[in-house]
Amino acid sequence: MTEDDLGTRRLTANALEQAPAGGGTSDLDELIASHDTEDTLGNVLNDLVEEIGGLYRLTTAALAMAPGGGATTYSYSNTIDDGSGNMLDGVFIQCATDTGFTNIVNTATTNALGAFTVYSDVAGTHYLRLQLAGYTFAIQTVTLA
């Protein structure tokens, strides 16, 4: 049913002809059904992924466990320009919960349109430090909601 092709195993031309026909319950299906999957990797993955209409997606529980993800994520979006209305690309932004920036919760970089979004798991007042060579920016106080 298999043959060697320069060190790589592959199915022979008649392998599918020799395979069992579809339909009914296969021995593999019976084995899987009889196997206790509690606390196995497969069981954990089943809790994180769901099938809807033949498509798979992450469950709400999986999204909530993702860093910076889930229902508890707050955000702030804006654009940065040079003061004359020219949008700045490549501005590095640090978002912190304190003015000393000892608790940086997220970073971002502006795109070609000067746009950015920062995220935090905590709503409320945050501080933004902006950096781009050739420019000086004041610390910004923003509210993430």
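Not measured: the values here are computed from a predicted model.

Enquirer: Would you mind showing me how to read the overall build of the protein here?
Expert: In terms of regular secondary structure, the protein is built from 4 helices and 10 strands. For the protein, the succession of helices and strands along the chain, N to C, is β-β-α-α-α-β-β-α-β-β-β-β-β-β. Within the protein, buried positions represent 19% of all 145 residues. Residue pairs at least 24 apart in sequence account for 43% of intrachain contacts in the protein once pairs closer than 6 positions are excluded. Accessible area of the protein: about 10200 Å², with a carbon and sulfur share of 54%.

Enquirer: Any chance you could explain the sheet that holds strand S9 (residues 124–131) here in plain terms?
Expert: Two pairing modes exist for strands in a sheet, parallel and antiparallel, and in both the strands are linked by backbone hydrogen bonds. On the basis of which strands lie adjacent, the open sheet formed by 4 strands has the order S7-S6-S9-S10 and antiparallel pairing. Edge positions in the sheet fall to strand S7 (104–109) and strand S10 (140–144), since each of these pairs with one other strand and no more. Pairwise comparison of adjacent strand axes, ignoring direction, gives a mean angle of 30 degrees for this sheet. The pairing of strand S6 (residues 92–96) with S9 spans 5 bridges and is classified as antiparallel. Its bridge partner lying in S9, Gln94 is registered against Arg129.

Enquirer: How should I be thinking about the nonpolar core in this particular structure?
Expert: Considering soluble globular proteins, one finds that nonpolar side chains tend to be buried as a cluster. Ranked by size, the top nonpolar core spans 13 residues in total, and within it Tyr76, Ile80, Ile93, Phe116, Val118 and Leu128 carry the most contacts. If you list the elements that add at least two residues to this core, you get S6, strand S8 (115–120), S9 and S10. The contacts of Val118, once residues within four sequence positions are left out, are Tyr74, Ser75, Tyr76, Ile93, Cys95, Asn106, Ala108, Leu128 and Leu144.

Enquirer: Please clarify how the packing of aromatic side chains should be interpreted in this entry.
Expert: Both the distance between ring centres and the angle between the ring planes are used here to describe each pair of aromatic rings. Overall, the coordinates contain 2 aromatic pairs when judged by the stated rule. Judged by centre distance (6.2 Å) and plane angle (50 degrees), the ring pair of Tyr76 and Phe116 falls under tilted. Here Tyr76, found in strand S5 (residues 74–79), pairs with Phe116, found in strand S8; they are 40 residues apart in sequence, far enough to count as distant. Ring geometry for Tyr135 versus Phe137: centroids 6.1 Å apart, planes at 20 degrees, classification stacked. We classify Tyr135 as partly exposed; its relative accessible area is 37%. Here Arg129 stacks its cationic end above the ring of Phe101, 4.2 Å away from the centre of that ring.

Enquirer: Sorry, what's going on with the environment of Tyr119 here?
Expert: Within the element layout of this structure, Tyr119 appears in strand S8. Relative accessible area serves as the criterion here: at 39%, Tyr119 is assigned to the partly exposed category. For the pair formed by Tyr119 and Ala108, sequence separation is 11 residues and the distance between their alpha carbons is 9.0 Å.

Enquirer: Got a minute to help me understand the side chain of Thr110 in this structure?
Expert: Within the secondary structure, Thr110 sits in the loop between S7 and S8. Looking at Thr110, its side chain comes within polar contact range of the main-chain oxygen of Leu88, at 2.8 Å. Side-chain polar atoms of Thr110 contact the backbone nitrogen of Gly90, separated by 3.0 Å. With near-sequence residues (within four places) excluded, Thr110 lies in contact with Ile80, Leu88, Asp89, Gly90, Val91, Ile93, Ala115 and Phe116.

Enquirer: Please explain the pairing of S8 as it appears in this structure.
Expert: On a regular strand, each side chain points to the face opposite its neighbour's, so the side chains alternate between the two faces of the sheet. Of the two faces of S8, the one lined by Phe116, Val118 and Ser120 is fully buried and the one lined by Ala115, Thr117 and Tyr119 carries no buried residue. When S5 meets S8, the two strands line up antiparallel, connected through 6 bridges. Across the sheet, the residue bridging to Ser77 is Thr117, located in S8.

What counts as what
Residues numbered from 1 in each chain as written. Predicted model: local features only at pLDDT ≥ 70, side-chain atom pairs only at ≥ 80, totals over all residues. Heavy atoms only, no water. Helix = DSSP H or I, 4+ residues; strand = E, 2+ residues; numbered from the N terminus. Buried < 20%, exposed > 50% of the residue type's maximum accessible area, 1.4 Å probe, protein only. Contact = heavy atoms within 4.5 Å. Areas by Shrake-Rupley, 256 points an atom, 1.4 Å probe, with all protein chains shown as cover. Pairing = 2+ DSSP bridges. Axes fitted to C-alpha atoms, helices over the stretch in contact; angles between N-to-C directions. Core = buried A, V, L, I, M, F, W, Y, C linked by side-chain atoms within 4.5 Å. Phe/Tyr/Trp six-rings, centres within 6.5 Å; stacked < 30°, edge-to-face > 60°. Lys NZ or Arg CZ within 6 Å of the ring centre and 35° of its normal. Polar contact = N/O pair within 3.5 Å; in protein donor to acceptor, adjacent residues only side chain to side chain.

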